[in-house]
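Residues per chain, in single letters:
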Amino acid sequence: MELSFWWMPLLWAFVIAGVLALAFVLTRRRMRRRPARAAVPVAHTERLTALPAYRRALTRYRALLALSVAAVVVALAAAVVLSARPVAVSAYQPELRNRDIVLCLDVSGSMVDYDAEIVDTFSDLVDEFDGERIGLVLFNASAATAFPLTSDYAFVEKQLSELGDKMRNADEDYSFANGTLLGNGSSLIGDGLGSCVMRFDDIGQERSRSIILATDNFVAGEQIVTLPEAGEFATENDVTVYGINPGDVASKSYIKDLADEFEKVVADTGGAYYALDDPGAIPAIVGQIQSEQAADMTGATQIVKTDIPVWPIVAGLVGTAGLMFLGWRLKR
Amino acid sequence: MPALLPRVKTTLSIVAHRRVRGWLDGEYRSVFHGKSHDFDDLRPYVPGDEIRDIDWKATARHGSPLTKRYIASRKQAVMIVVDSGRDLAAVSASGEPKRDLAIQAAGVLGYLAHRHGDQVGLVTGDASGSALVPLGGTEGHLERLLQIIHARASLEGSPSDFVGQLDYVARRFRRRMLLVVISDDQALAGTGHGTGGTGGASSASGANARTQSTPGAPASDLRPLLRRLHAQHEMIWVSIADADLVAATPRGAELLDVQTFGELPEFLRRDPQVRREYAERATAQKTETRDILDRIGIASTRIESTRDVVPKLFRLLERHNHAGR
């Protein structure tokens, strides 16, 4: 515990000493003037003061006076402590909660199962978010923003869970992918990633930006930008790309080059690359990405002063209440 | 300073109409024993005259009681003894200053004495000493005497010393006199109320610095001194009732002990237990004082207000005269 205004008790000491001295002087002067004007002079007070009951009452009276003094002291001490503003000092490393995450999902047919898993995982994660913003971009031949970066978590959760359900029933209704087939070809990964990078607003602000890119990097068509170019664009904008590639498995060795390219791009942006076969591994991967980011994103140690006024306030209240009660007892 | 004697006369004439005044005169005359036996004349009997002074033969002839009057061989002396310390400046049971009641009582008795051609003196004083106003017979003398009591009894004066005044009388006078002792509600038997009794009041209000011996409150037994005085003089005793210490004061004013100037905190005065004990003690004290004086043979009365003065003094004289002697 520390005092914000260490000099306050000294000030109080001076004031209290001054008041006491003044009271002393005034009392002395009043006593010297002897008979107070309003007082009734009486003789032979021993008629009263010699009574045993009077002695007992006097003891009680003195006890009440002593208690009153104690109450005043407690209240005053509480006031002194409060006015000096006691604070608890603690050092802590803030976990930055100013992340922007864009989920960048390839919605070509082979990817839908993985997308659904990613969407579901984030739908669960949203509960823990505080200060983070999350956006969702779906792309195939063109990129469509499902929802922009937002911290309206209720909305996000609703969108994500609806989208998850639709994706699982993609055979019946593929409408969630509307607007993603306007390009020249399909699975234009470079264009998709570039579009996702462009979803970040507030570029000037000090925020951490990351993209979770889920794709098999199997391009079929003419891209405007290639994946490495999009990766450079991301790096220029301080965007970290985490790659999830369900296609990078031994059974599909024909796309080995594509997977290598993907991994390299991701690594260049400072992100991590995950190759997997099983959609069930997605939650673990997302958790891994989260914790990896958390490690990067603790801020500088900060000194935090927290007011701790509870005990002085309680003591002050008790003292004041006690004083009022005793005053009432004495005057009643 | 307005004259005090006219007020006494007014009190007498208002409170005591003619008949009572006659009685008062009769009772007063009978106070003195050892009259001369030089017969002067006869006059109609008034209640209070001594039965043995009735001239039965003349009464039989005349048809109504006649008493014999004697030529006073010498003037009688009435000595008023009053402590004029701060105790007298205190407030009485009626709220009037005790001083005023004392002056009324002294004035009435002094005026009666004056009308009978007797001489009145005064012994008064406080802890700083006693003063004697010698015997004198004029109204002016009586007025001066009352003025002295009035002037001396103030809160700025010295503390009281009642015993000191009685001591002074005992040491000073050889001649037999009528001692009119004006006292108050102090304990005569010295039942331990005197010493340090006021300490509680003074320390409770933080006036410890003023704690001093209390010469006004007799710590010792007064009875031997009273017996001695009674043997030498005629004595009548007038107690001025002291203020009720547990009664509510106007506007809740504090009570101030005149000896120590310590306050009696209201908190203590309103305590029910204290009030009960005080009431018991006050009653006991009244009876005790009266019993002590009765046993010695001194007639006493307790005056609570100005209206009390004449009737109570009348009854006091009556009691004095009819006391077994």
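Residues numbered from 1 in each chain as written. Chains lettered and ligands numbered in written order. Predicted model: local features only at pLDDT ≥ 70, side-chain atom pairs only at ≥ 80, totals over all residues. Heavy atoms only, no water.

1. Quick notes on the overall build of chain B
Here is step 1 of the chain: A tally of helices and strands in chain B yields eleven helices and ten strands.
Here is step 2 of the chain: Out of the 325 residues belonging to chain B, those deemed buried represent 56%.
Here is step 3 of the chain: Relative to all contacts within chain B whose residues are 6 or more apart in sequence, the contacts with residues 24 or more apart total 76%.
Here is step 4 of the chain: Taken as a whole, chain B presents about 13700 Å² of accessible surface, with 52% of it coming from carbon and sulfur. (Helix = DSSP H or I, 4+ residues; strand = E, 2+ residues; numbered from the N terminus. Buried < 20%, exposed > 50% of the residue type's maximum accessible area, 1.4 Å probe, protein only. Contact = heavy atoms within 4.5 Å. Areas by Shrake-Rupley, 256 points an atom, 1.4 Å probe, with all protein chains shown as cover.)

2. Here's the deal with the UniProt feature "transmembrane region" (unreviewed entry) in chain A
Here is step 1 of the chain: Within the UniProt annotation, "transmembrane region" (unreviewed entry) is assigned to residues 6–27, 63–84 and 310–328 of chain A.
Here is step 2 of the chain: Taken as a whole, residues 63–84 of chain A contains 95% helix and 0% strand, while its terminal C-alpha atoms sit 31 Å from one another. (UniProt positions renumbered as here; feature names shortened; annotations may be inferred.)

3. Thoughts on helix α4 (residues 98–115) of chain B
Residue and element names in this part refer to chain B.
Here is step 1 of the chain: With 18 residues, α4 ought to run about 26 Å at 1.5 Å a step, and its terminal C-alpha atoms sit 26 Å apart, in line with that.
Here is step 2 of the chain: Burial runs high along α4: 16 of the 18 residues are buried.
Here is step 3 of the chain: After α4 finishes, the residue G117 shows a positive phi value of roughly 75°. (Expected span 1.5 Å × (residues − 1).)

4. With respect to the packing of aromatic side chains
Here is step 1 of the chain: Within the structure shown, the criterion is met by six aromatic pairs over all chains.
Here is step 2 of the chain: Consider the rings of A:Y61 and B:F267, whose centres lie 5.2 Å apart with planes at 25°: the pair is stacked. Of this pair, A:Y61 sits in helix α3 (residues 52–83) while B:F267 is found in helix α9 (residues 266–269), placing the two residues in two different chains. Comparing A:Y61 with B:F267, the two get one shared label, buried. (Phe/Tyr/Trp six-rings, centres within 6.5 Å; stacked < 30°, edge-to-face > 60°.)

5. Structural notes on the sheet that holds strand β2 (residues 40–42) of chain A
Here is step 1 of the chain: If you walk across this open sheet you meet the three strands as β2(A)-β8(B)-β9(B), and the pairing is mixed. Strands at the two margins of the open sheet, each flanked by one partner only, are β2 of chain A together with β9 (263–264) of chain B. (Pairing = 2+ DSSP bridges.)

6. Re the pattern of salt bridges
Here is step 1 of the chain: Taken as a whole and assessed by the stated rule, the structure comprises 21 salt bridges over all chains.
Here is step 2 of the chain: Put simply, B:D271 and A:R60 hold a salt bridge, and the shortest N to O gap is 2.3 Å. Of the two residues, B:D271 sits in the loop between α9 and α10 (272–296) while A:R60 sits in helix α3, which places them in two different chains.
Here is step 3 of the chain: Take B:D271: its relative accessible area is 10%, and that puts it in the buried class.
Here is step 4 of the chain: Residue A:R60 is classed as partly exposed on the basis of its relative accessible area, which comes to 38%.
Here is step 5 of the chain: Sharing partners across several salt bridges, the network here consists of A:D100, A:R133 and A:D201. (Salt bridge = Lys/Arg side-chain N within 4 Å of Asp/Glu carboxyl O.)

7. Some remarks on the nonpolar core
Here is step 1 of the chain: Among the nonpolar cores identified, the biggest contains 42 residues, and B:I80, B:L145, B:L146, B:V180, B:I182, B:V238 and B:L313 are the most heavily contacted of them.
Here is step 2 of the chain: Ranked by the residues each element gives to this core, the list is headed by α4(B), at ten residues.
Here is step 3 of the chain: Residues contacting B:I80, with those up to four places away along its chain left out, are B:A106, B:V120, B:G121, B:L122, B:V123, B:L145, B:V180 and B:I182.
Here is step 4 of the chain: Residues A:L125, A:V156, A:A214 and A:Y242 belong to the second largest nonpolar core, which totals 37 residues. (Core = buried A, V, L, I, M, F, W, Y, C linked by side-chain atoms within 4.5 Å.)

8. With respect to the packing of helix α4 (residues 112–125) of chain A against helix α5 (residues 153–168) of chain A
Residues and elements named next belong to chain A.
Here is step 1 of the chain: Here α4 crosses α5 at 155°, and the two axes come no closer than 8 Å. Our classification of the angle between α4 and α5 gives roughly antiparallel. Here α4 and α5 pass one another in a crossing that is left-handed. Counting all contacts with α4, which are made through V112, D115, A116, V119, D120, F122 and S123, the residues of α5 involved are E157, L160, S161, L163, G164, M167 and R168.
Here is step 2 of the chain: Residue composition of the contact of α4 with α5, grouped by class: seven nonpolar, three polar and four charged. (Axes fitted to C-alpha atoms, helices over the stretch in contact; angles between N-to-C directions. Parallel < 35°, antiparallel > 145°, perpendicular 65-115°, else oblique. Left-handed = near helix turned anticlockwise from the far one by under 90°. Nonpolar A, V, L, I, M, F, W, Y, C, P; charged D, E, K, R; others polar.)

9. Section: empty space enclosed by the protein
Here is step 1 of the chain: Taken as a whole and judged by the stated rule, the model has five cavities of 30 Å³ or more.
Here is step 2 of the chain: Considering only enclosed or pocket space, the largest cavity measures out at about 100 Å³ in volume.
Here is step 3 of the chain: Residues that form the lining of the largest cavity fall into these classes: four nonpolar, five polar and four charged. (1 Å grid on protein atoms, 1.4 Å probe; cavity = no way out; pocket = protein on both sides within 12 Å on 5 of 7 lines; lining within 4 Å. Points joined across faces, edges and corners; volume = space filled by probe spheres on them.)

10. Topic: the environment of A:L65
Residue and element names in this part refer to chain A.
Here is step 1 of the chain: Relative to the helices and strands, L65 is located in helix α3.
Here is step 2 of the chain: With relative accessibility at 32%, the residue L65 sits in the partly exposed group.
Here is step 3 of the chain: Measuring from C-alpha to C-alpha, the distance between L65 and G327 comes to 9.1 Å, with 262 residues separating the pair along the chain.

11. Here we look at the state of the cysteines
Residues and elements named next belong to chain A.
Here is step 1 of the chain: Inspection of the entire model under this criterion finds one disulfide over all chains.
Here is step 2 of the chain: Across the disulfide, C104 is cross-linked to C196 (sulfur-sulfur distance 1.9 Å). Its S-S torsion of about 85° marks the bond between C104 and C196 as right-handed, since a negative value means left-handed. Of this pair, C104 sits in strand β4 (residues 99–106) while C196 sits in helix α6 (residues 189–197); the two residues are 92 residues apart in sequence, bridging distant segments of the chain.
Here is step 3 of the chain: Exposure remark for C104: the relative accessible area of 0% places this residue in the buried category. (Disulfide = S-S within 2.5 Å.)

12. A closer look at a nonpolar patch on the surface
Here is step 1 of the chain: The grouping of A:M1, A:L3, A:F5, A:W6, A:W7, A:L10, A:L11, A:F14, A:V15, A:V19 and A:I308 at the surface amounts to a nonpolar patch, some 1200 Å² of accessible area in total.
Here is step 2 of the chain: Counting residues per element, the nonpolar patch draws most heavily on helix α1 (residues 8–32) of chain A, which supplies five residues. (Patch = residues over 30% accessible without salt bridge, like charges linked within 9 Å, V, L, I, M, F, W, Y side chains within 5 Å.)

13. Description of the pairing of strand β7 (residues 234–240) of chain B
All names here are of chain B.
Here is step 1 of the chain: Most of β7 is tucked away: seven of the seven residues are buried.
Here is step 2 of the chain: Here β7 shows two buried faces, one formed by E234, I236, V238 and I240 and the other by M235, W237 and S239.
Here is step 3 of the chain: Relative to β7, strand β6 (residues 178–183) runs parallel, the two being bridged by six bridges. Residue pairing for β7: L178 is matched across the bridge by E234.

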